[in-house]
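# Structural characterization, general
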Amino acid sequence: MTVSDRALDILRTTFGHAEFRGPQREIVDHVSAGGDALVLMPTGGGKSLCYQIPALVRRGVAVVVSPLIALMQDQVAALTQLGVRAAFLNSTLDMEQARAVESAFSRGQLDLLYVAPERLTTPRCLDLIDRAQVALFAIDEAHCVSQWGHDFRPEYLQLSLLHEKFPSVPRIALTATADPQTREEIIQRLALGEARVFVSSFDRPNIRYTIVDKADARTQLLRFIRGEHDGDAGIVYCLSRRKVDETAHWLQGQGIAALPYHAGMDAASRNEHQARFQREDGIVVVATIAFGMGIDKPDVRFVAHLDLPKSVEGYYQETGRAGRDGLPANAWMAYGLGDVVQQRRMIEGSDAGEAYKRVASAKLDALLALCESVQCRRVQLLAYFGEPAEPCGNCDTCLEPPQTWDATEAARKALSTIYRTGQRFGVVHLIDVLRGRTSERLLRWDHHRLTVFGIGADTDDTQWRNVFRQLVALGYAEVDHEAYGALRLTESARPILRGEQQVQMRRSLETKAPKKVRGRSAAPAPAGAADEDLLARLKAWRLEEARRQAVPAYVILHDATLAAIAQSAPADLAGLSEISGIGQKRLERYGEAVLDVVRSARG
Ligand code: ADP
Ligand code: ZN
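This write-up is about the structure you can find in this document. Bear in mind that the values here come from a model prediction, so they are computed numbers and not experimental data. (Residues numbered from 1 in each chain as written. Chains lettered and ligands numbered in written order. Predicted model: local features only at pLDDT ≥ 70, side-chain atom pairs only at ≥ 80, totals over all residues. Heavy atoms only, no water.)

## What to know about the coordination of the zinc ion (ligand 2)
The protein atoms that coordinate the zinc ion (ligand 2) are C376 (SG), C392 (SG), C395 (SG) and C398 (SG), at distances spanning 2.3 to 2.4 Å. Of note is the zinc ion (ligand 2), whose 4 donor atoms meet at the metal with angles of 103 to 119 degrees in an arrangement that counts as tetrahedral. Written as a sequence motif, the donor arrangement for the zinc ion (ligand 2) is C-x15-C-x2-C-x2-C. Of the two residues, C376 is situated in the loop between α16 (354-372) and α17 (377-384) and C398 in helix α18 (residues 396-399); the sequence distance between them amounts to 22 residues. (Donors = N, O, S within 2.8 Å, 3.2 Å for Na, K, Ca; no water. Tetrahedral: all angles 85-135°; square planar, octahedral: opposite > 155°, others 65-115°. Helix = DSSP H or I, 4+ residues; strand = E, 2+ residues; numbered from the N terminus.)

What follows is the structure, encoded as structure tokens:
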């Protein structure tokens, strides 16, 4: 059997998948043959198999560097289920347990060993590796080596040592971070100049992108969850710890199984909330961006943003945590002027140097362009990563093309009001002036005597807020960071004020909920009530099995696999083995039990 045939055989019998996906086959063949590789693949693309299969094809033990303990543990649990000999070395093991793993490793009794980076580079560990036969080194989350990235880990810098000490062992570095700067930095810092680079499409076709105008964000969120994701697992991102706590508490009050997560909580409750999210069905975690890396849960059905992320990269990485199993999922965000003001203030107010502020500001602009876009969101997103695409039919702007309107007149009124009031006031005051409302503050400043007083009385507050938001997002006005939230004009405002330039704006879609993603829980639509009943029974069986083994439910069988079983209701083991996700070990281990459930549903 050729190496390539062996790889395919392992994919089928051990992992239970019929075919390689995208570039997996090429990568697996290349690494199995001893080549170095840098793999850039979006979250959910299937990176793990790219080193797990070569680990089984090649002689010796594969050493996998992974930055997060939770991730390691779940990977090892999942591999063990498949009959693969995997273990990890990290700080959760006591001395005796670590010794046992080390000895299994040196005696070649493992297929894969997961190691935390700080441990790998200790003399003890290097010595151990020196004495064992190593099949390959896999460096997961390789962007952690980048100092300008968002997850820099100083320990990762030491990993270039692997190449120096073990030049003949192939290395494969993997990441879901796509931008060219990070890629260059990985190649340079890990000495991967000779490696073949595999870049996959970054499209996540099963994720539906929706960005709504923020009105009452919480209520909008609740309507979204109730309408589309009743009982589903999801993540809600907020900017501040306080907002995380408040939102989680509020959702709980509405009967949603919500748990908070942020760096200000004590480690014990943080770990508990993360573990419950991983292990139980249908938990909604409300979190700051402290939550996410290392969350390898394939069946997260939605990611919601109540605040604006800092960049398109951030947005894409956070939303990418939805739907890794390939089933339909939602990325939903509520966005308003307050977000723009807040993000701009954070950039300006930071202690970082001018160069950093310029970069951060440009990144924010790119994200704002996405929010205000009247084109397909996916086309915009992929263009940002340098990938051409066609309108997708699975984002809000494709499904319900936003209307634009000629906002030239409104823009002139709004910009004049900023100018006439001395460029010192925030939106609330500016709208009071436009609508001709005499607040106390307005009278104090004599703003009822201005020519602009009341010139926008025919338009309501929401519409005006929209106009101001778009003026800022489009760069005609900016936020003054010295004066709390005050707006002032930019150079580009002039042609509009002089009547030389037209402005088109996106009409507000208000609080409209996105259309359903297909089926209540976004699982593949079952053909009828019988399937639904069977699916429920299968889930109940899986939950019990997961509890018994103390592993996450998806480690037993994925949602997609359960759905396929429910749909085809196989009568025997042969039928069951046809289903994607059922390999030999799973068939042996759960085949009869699953068939029993199928029979019980038939009555
Ligand atoms: P990543 O690490 O890139 O986020 P994973 O390796 O966790 O992605 O894989 C994502 C999901 O895709 C997993 O549920 C995995 O079982 C599934 N998967 C990977 N490769 C294949 C394949 N060739 N066929 C079917 N499913 C696959
Ligand atoms: Zn689209």
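## Quick look at the pattern of salt bridges
Applying the stated criterion to the full structure yields 34 salt bridges. Across the salt bridge formed by D127 and R131, the nearest N and O atoms sit 3.5 Å from each other. With D127 and R131 both in helix α7 (residues 123-131) and 4 residues apart, this pair spans about one turn of that helix. D127 sits in the partly exposed class, given a relative accessible area of 40%. Between R276 and E280 there is a salt bridge, with the nearest N and O atoms lying 3.0 Å from each other. Of the residues examined, E280 reaches a relative accessible area of 30% and is grouped as partly exposed. (Salt bridge = Lys/Arg side-chain N within 4 Å of Asp/Glu carboxyl O. Buried < 20%, exposed > 50% of the residue type's maximum accessible area, 1.4 Å probe, protein only.)

## Section: the side chain of T319
With respect to the helices and strands, the residue T319 is situated in helix α14 (residues 312-319). With a relative accessible area of 1%, T319 lands in the buried category. Here Y316 takes part through its backbone oxygen, which lies 3.3 Å from a polar atom of the side chain of T319. The contact partners of T319, leaving out residues within four places of it in the chain, are I207, Y209, V303, H305 and A331. (Polar contact = N/O pair within 3.5 Å; in protein donor to acceptor, adjacent residues only side chain to side chain. Contact = heavy atoms within 4.5 Å.)

## What about the nonpolar core?
Counting 144 residues, the largest nonpolar core has I53, F105, L112, I172, F468 and L471 as its most contacted members. The element contributing the most residues to this core is helix α3 (residues 48-57), with 7 residues. Excluding anything up to four places from it in sequence, I53 contacts A7, I10, L11, F15, F20 and V28. By size, the runner-up hydrophobic cluster in this structure holds 22 residues, among which are V551, I556, L562 and V597. (Core = buried A, V, L, I, M, F, W, Y, C linked by side-chain atoms within 4.5 Å.)

## Digging into the site of ligand 1
Lining the immediate environment of ligand 1, one finds 15 residues, of which E19, G44, K47, S48 and H558 sit closest. Here H17 contributes a side-chain N or O atom positioned 3.5 Å from a nitrogen atom of ligand 1. In this structure, an oxygen atom belonging to ligand 1 sits 2.9 Å away from a side-chain N or O atom of K47. Coverage of ligand 1 by the protein amounts to 83% of the 570 Å² it exposes when considered alone. When its residues are assigned to classes, the shell around ligand 1 shows 3 nonpolar, 8 polar and 4 charged. (Near = heavy atom within 4 Å. Areas by Shrake-Rupley, 256 points an atom, 1.4 Å probe, with all protein chains shown as cover. Nonpolar A, V, L, I, M, F, W, Y, C, P; charged D, E, K, R; others polar.)

## Regarding helix α5 (residues 95-106)
An ideal rise of 1.5 Å per residue puts 16 Å on 12 residues; α5 measures up with 16 Å between its terminal C-alpha atoms. Those residues of α5 not exposed but buried are A98, V101, E102, A104 and F105. Buried residues of α5, viewed axially, fall in a sector of 165 degrees; they line one side. Exposed side of α5, more than 90 degrees from the buried face: M95 and E96 are the residues found there. Here the buried face of α5 lies against β2 (61-65), β3 (86-89), β4 (112-115), α6 (117-120), α7 and β5 (134-139). (Expected span 1.5 Å × (residues − 1). Arc of directions from axis to C-beta.)

## Points about the packing of helix α2 (residues 24-32) against α3
In the contact formed by α2 and α3, the axes pass within 9 Å of each other and the chain directions differ by 40 degrees. If you check the angle between α2 and α3, you find them oblique. Crossing hand, α2 versus α3: right-handed. The residues of α3 that touch α2, namely those facing Q24, I27, V28, V31 and S32, are L49, C50, I53, P54 and V57. By residue class, the composition of the contact of α2 with α3 is 8 nonpolar, 2 polar and no charged. (Axes fitted to C-alpha atoms, helices over the stretch in contact; angles between N-to-C directions. Parallel < 35°, antiparallel > 145°, perpendicular 65-115°, else oblique. Left-handed = near helix turned anticlockwise from the far one by under 90°.)

Purely spatial values, then, with no claim about function.
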